[in-house]
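Breakdown of the fold
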Amino acid sequence: MAYEFITTHTEGEKVGVITLNRPKQLNALSPQLMVELGQALKAFDADEAIGCMIITGNEKAFAAGADIGAMATYSFADVYRDDYITRDWETIRTIRKPVIAAVSGFALGGGCELAMMCDFIIAADNAKFGQPEIKLGIIPGAGGTQRLPRAVGKAKAMDLALTGRMMDATEAERAGLVSRVVPLDKLMEEALGAALMISGYGRMAVLAAKECVNRAYEGTLADGVMFERRMFHALFATADQKEGMDAFVNKRPAVFKHQ
Ligand code: DAK
């Protein structure tokens, strides 16, 4: 499919890479870009060969937020009545395969929120995260006030949302927002390594692990543990569980068939 504001390609025939591509606007997330991102995510999710996806930007910006120019003149009626951009920002939550955010440069406002909607974040050492909406007279609108405290705790989330300051990659890793920090020139190598590794595992175990970890955010501990227990039991119905364990016992590499 031809896109205007993103590019897509595959790596190793198993990883779908989506690159946000509005460099002059620091990848500001226009409504059209979010439509295209949703289409690309859905297409990779439906592609049997793909086991994992990566969303990335460029060296200067992952994304500097929703497009301020596009929002500037909206009235309350425009955004409330028309449920401003909500549907196009929720697509990523419906994607079942893992999505990694490979972040370099600015990840601000909606850009930070998009990264947090991915399953985990690998950051380059020049990454900067923040929720600067307060400076525009608004607040985060795509989950920033909810996902950020879950990731970094209330104190730091309040600090970022109320002051609008940015945090660098070191602080973001220390706070638990990102899983790894690597030198800028190693970012894609690191993200691809992780994505290829995930794609090589049994697909059902991967989907189940993602669903279970996400449960930790949305219910009680008891419900989450029970959900995990049932998913764990269910994986014994898969051929991949037999393969994985037989390979370990016989000291050979496992070859998963996603069945
Ligand atoms: N939107 C539009 N254009 C942007 C932009 C943005 N968010 N960020 C940067 N640009 C544009 C600049 O206007 C500039 O354009 P030209 O002047 O060259 O035409 C170009 O990108 C380069 O930017 P700068 O010249 O400013 O570059 P600097 O290196 O000096 O500064 C910066 C980089 C990232 C610190 C600065 O650009 C900046 O502060 N940008 C704004 C960051 C920001 O406030 N982001 C939050 C936006 S509000 C929702 C979903 C999402 C959202 C809300 C609701 N729902 C589902 C309901 C999200 C809201 C937001 O993200």
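Note: the structure precedes this text.
Now for a quick tour of the structure. (Residues numbered from 1 in each chain as written. Predicted model: local features only at pLDDT ≥ 70, side-chain atom pairs only at ≥ 80, totals over all residues. Heavy atoms only, no water.)

What follows concerns the overall build of the protein. Each helix and strand counted, the protein has 12 helices and 10 strands in total. Rg of the C-alpha trace for the protein: 19 Å, near the compact-globule value of 18 Å for 259 residues, within the 12% margin. Seen through its principal axes, the protein has C-alpha atoms that stretch 65 × 45 × 40 Å. In the protein, the proportion of contacts linking residues at least 24 apart, taken out of those at least 6 apart, comes to 67%. Looking at the protein as shown, the accessible area adds up to about 13,800 Å², and 58% of this sits on carbon and sulfur atoms. Side chains of the protein give 29 positive and 32 negative charges; the mean places of these two sets differ by 4 Å. (Helix = DSSP H or I, 4+ residues; strand = E, 2+ residues; numbered from the N terminus. Rg over C-alpha atoms; globule rule 2.2 N^0.38 Å. Contact = heavy atoms within 4.5 Å. Areas by Shrake-Rupley, 256 points an atom, 1.4 Å probe, with all protein chains shown as cover. Lys, Arg positive; Asp, Glu negative; His and termini not counted. Charge placed at Lys NZ, Arg CZ, Asp CG, Glu CD.)

A few words on helix α1 (residues 31-46). Compared with an ideal rise of 1.5 Å per residue, which puts 16 residues at 22 Å, α1 spans 23 Å between its outermost C-alpha atoms and is within 8% of the ideal. Buried within α1 we find L33, M34, E36, L37, G38, A40, L41, F44 and D45. The secondary structure elements touched by the buried residues of α1 are β1 (6-11), β2 (15-20), β3 (52-56), α4 (86-90), β5 (99-103) and α5 (110-117). (Expected span 1.5 Å × (residues − 1). Buried < 20%, exposed > 50% of the residue type's maximum accessible area, 1.4 Å probe, protein only.)

With that out of the way, let us pick up a negative patch on the surface. Where like charges cluster on the molecular surface, the negative patch consists of E59, D125, D185 and E189. Relative to the helices and strands, D125 resides in the loop between β7 (120-124) and β8 (128-130). Owing to a relative accessible area of 47%, D125 belongs among the partly exposed residues under this scheme. (Patch = residues over 30% accessible without salt bridge, like charges linked within 9 Å, V, L, I, M, F, W, Y side chains within 5 Å. Salt bridge = Lys/Arg side-chain N within 4 Å of Asp/Glu carboxyl O.)

Moving on: the environment of H258. One can find H258 in the segment after α12 (239-249). By relative accessible area, H258 is classed as partly exposed at 28%. Separated by 55 residues in the primary sequence, H258 and R203 have C-alpha atoms spaced 4.9 Å apart. Ignoring sequence-local partners within four residues, the contact set of H258 consists of S199, Y201, G202, R203, M204 and D240. A polar atom in the side chain of H258 sits 3.5 Å from the backbone oxygen of Y201. (Polar contact = N/O pair within 3.5 Å; in protein donor to acceptor, adjacent residues only side chain to side chain.)

Let's shift gears to the pairing of β7. The buried fraction of β7 amounts to four of the five residues, a majority that puts the element mostly inside the structure. With four bridges joining them, β5 and β7 adopt parallel strand pairing. When the bridges of β7 are listed, A102 appears paired with I122. (Pairing = 2+ DSSP bridges.)

Bringing the site of the ligand into the picture now. K60, A64, A66, I68 and G110 are the nearest of the 26 residues found near the ligand. With respect to the ligand, the backbone of I68 contributes an N or O atom lying 3.0 Å from a nitrogen atom. The separation between an oxygen atom of the ligand and a polar main-chain atom of G110 is 2.8 Å. Burial of the ligand by the surrounding chains reaches 64%, relative to a free accessible area of 1,100 Å². At the level of secondary structure, the elements contributing two or more residues to the shell around the ligand comprise α2 (68-71), α4, β6 (106-108) and α5. (Near = heavy atom within 4 Å.)

Geometry only, nothing functional implied.
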